[in-house]
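# Descriptive structure summary
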Amino acid sequence: MARSRSTLVRVVVTLVALAVVLVGADLAARAWATGRAEQELQERLALPRPPQVDLAGGSFLWQALRGRYEDVTVTAGQVPAGDLTLDEVRVRLPAVHAPLTALASGSGTVDVQAGTFDADVGFAELIEQVDAGPLDVVLTRDGDDVRAATTVRVLGLSTELSLTVQPRLDGDAVQLVPVSAEAAGQEVPLARARRLLDAAGVDALDGWEVALDEVPGEVELQDLTVTDEGVRVSGAVLATSTDLG
């Protein structure tokens, strides 16, 4: 009986030790793979710092053997998009099909399931992309809209002017469309605000537009919301296939 207990204990200890080794190997393989992916993305996108790649689909080794990686999330900051810099970009993919043989040989096809895309554009970045002439314009959140505040100087007199601007998504562009105005703290017609801005050499009453034409073609922008720091554009990542090599 004592020998049986001793044998059972040795088997349990062996199984526990094996499980620890496998978990350690899985974690090491996951860390190595995500690190390589982060390095590759940083180089290809010319990012100032590595992005974060998360694989939340359970055992990494099992996913690698199946060639199916589930719940893949990529988060990157300060992403260049033409003349614009996106403060943060988040891409979530439910599944990526990448056969182990294709990854090992560097040739084959990788299939990406449709996912989601979010990108934040800060107020400071937005105002840098529009023509405000000689005016120093500050953008802040105003509920679901944006307030554009500045000081205009006409005939030697300075007047505090602010526009309530409604942000809209028009294809691959963010439009900032004025809907109301205040001068010296009092609500005024947009026509009066136009005269003040015209006198300052600025044409803003027809709205400003910031192009997002450097967003990847696999992304379809669908929605825009105002945040405390700027605006967030959201959309879908279309299902696609990519040839390696």
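What follows deals with the overall build of the protein chain. Of the regular secondary structure elements, the protein chain holds five helices and 14 strands. Residue pairs in contact within the protein chain that sit at least 24 positions apart in sequence constitute 51% of those at least 6 positions apart.

In this section: the pattern of salt bridges. Scanning the model with the defined rule gives 10 salt bridges in all. Note that Arg90 is salt-bridged to Glu88, the shortest N-O span being 2.5 Å. One salt bridge connects Asp120 with Arg90, and the closest N-O pair in it is separated by 3.5 Å. Note that Asp120 is positioned in strand E5 (residues 115-122) and Arg90 in strand E3 (residues 84-97), a separation of 30 residues in sequence. Judged by its relative accessible area of 14%, Asp120 is buried.

Within this model, the largest pocket holds a volume of roughly 2000 Å³. Contributing to the lining of the largest pocket are 46 residues, with Ala37, Glu40, Leu41, Arg44 and Val74 lying nearest its centre. Looking at the lining of the largest pocket, the elements with two or more residues in it are helix H1 (2-45), strand E1 (52-55), helix H2 (60-66), strand E2 (68-81), E3, helix H3 (100-105), strand E4 (108-112) and strand E14 (240-244). Classifying every residue of the lining of the largest pocket gives 35 nonpolar, four polar and seven charged.

This part takes up the nonpolar core. Counting 57 residues, the largest nonpolar core has Leu86, Phe117, Val137 and Leu139 as the members making the most contacts within it. Here Phe117 is in contact with Val89, Arg90, Val91, Val215, Val219, Leu221, Val233, Ser234, Gly235 and Val237, once residues within four sequence places are set aside.

This part takes up helix H5 (residues 190-199). Turn by turn, an α-helix covers 3.6 residues, leaving residues three or four places apart pointing in a common direction. Restricting attention to buried positions, one finds in H5 the residues Ala193, Leu196 and Leu197. What you see down the axis of H5 is that its buried residues fit within an arc of 95°, all on one side. Trailing H5 by a residue or two, Gly201 shows a phi angle of about 80°, which is positive.

Among the secondary structure elements, Gln42 is positioned in helix H1. Look at Gln42 and you get partly exposed, because its relative accessible area is 23%. Remark: the alpha-carbon pair of Gln42 and Val79, spanning 37 residues in sequence, is separated by 9.6 Å. Once you skip the residues sitting within four places of it in the chain, Gln42 turns out to touch Leu47, Pro48, Arg49, Pro50 and Pro51.

Glancing now at the pairing of strand E9 (residues 173-183). Both strand E8 (residues 157-170) and E9 contribute to a ladder of 10 bridges, which runs antiparallel. Its bridge partner lying in E9, Thr164 is registered against Ser180. Across four bridges, the pairing between E9 and strand E11 (residues 208-211) is antiparallel. Bridge pairing links Leu176 to Trp208 in E11. With three bridges connecting them, E9 and strand E10 (residues 186-188) associate as antiparallel partners. Paired with Glu182 across the two strands is Glu187, which belongs to E10. In sequence, E9 turns back onto E10 through a hairpin of two residues, with Ala184 there showing a positive phi of about 55°.

Below, the discussion takes up a negative patch on the surface. Together, Asp83, Asp172, Asp213 and Glu214 give the surface a local cluster of negative charge. Note on placement: Asp172 falls in the loop between E8 and E9.

On the surface, a cluster of nonpolar side chains totalling about 360 Å² of accessible area is made up of Trp62, Leu65 and Leu100. Note that Leu65 resides in helix H2.

Attention shifts here to the side chain of Asp120. Here Arg90 takes part through its side chain, which lies 3.5 Å from a polar atom of the side chain of Asp120. When near neighbours in sequence (up to four residues on either side) are disregarded, Asp120 contacts Leu86, Asp87, Glu88, Arg90, Val231 and Arg232.

Conventions adopted
Residues numbered from 1 in each chain as written. Predicted model: local features only at pLDDT ≥ 70, side-chain atom pairs only at ≥ 80, totals over all residues. Heavy atoms only, no water. Helix = DSSP H or I, 4+ residues; strand = E, 2+ residues; numbered from the N terminus. Contact = heavy atoms within 4.5 Å. Salt bridge = Lys/Arg side-chain N within 4 Å of Asp/Glu carboxyl O. Buried < 20%, exposed > 50% of the residue type's maximum accessible area, 1.4 Å probe, protein only. 1 Å grid on protein atoms, 1.4 Å probe; cavity = no way out; pocket = protein on both sides within 12 Å on 5 of 7 lines; lining within 4 Å. Points joined across faces, edges and corners; volume = space filled by probe spheres on them. Nonpolar A, V, L, I, M, F, W, Y, C, P; charged D, E, K, R; others polar. Core = buried A, V, L, I, M, F, W, Y, C linked by side-chain atoms within 4.5 Å. Arc of directions from axis to C-beta. Pairing = 2+ DSSP bridges. Patch = residues over 30% accessible without salt bridge, like charges linked within 9 Å, V, L, I, M, F, W, Y side chains within 5 Å. Areas by Shrake-Rupley, 256 points an atom, 1.4 Å probe, with all protein chains shown as cover. Lys, Arg positive; Asp, Glu negative; His and termini not counted. Charge placed at Lys NZ, Arg CZ, Asp CG, Glu CD. Polar contact = N/O pair within 3.5 Å; in protein donor to acceptor, adjacent residues only side chain to side chain.

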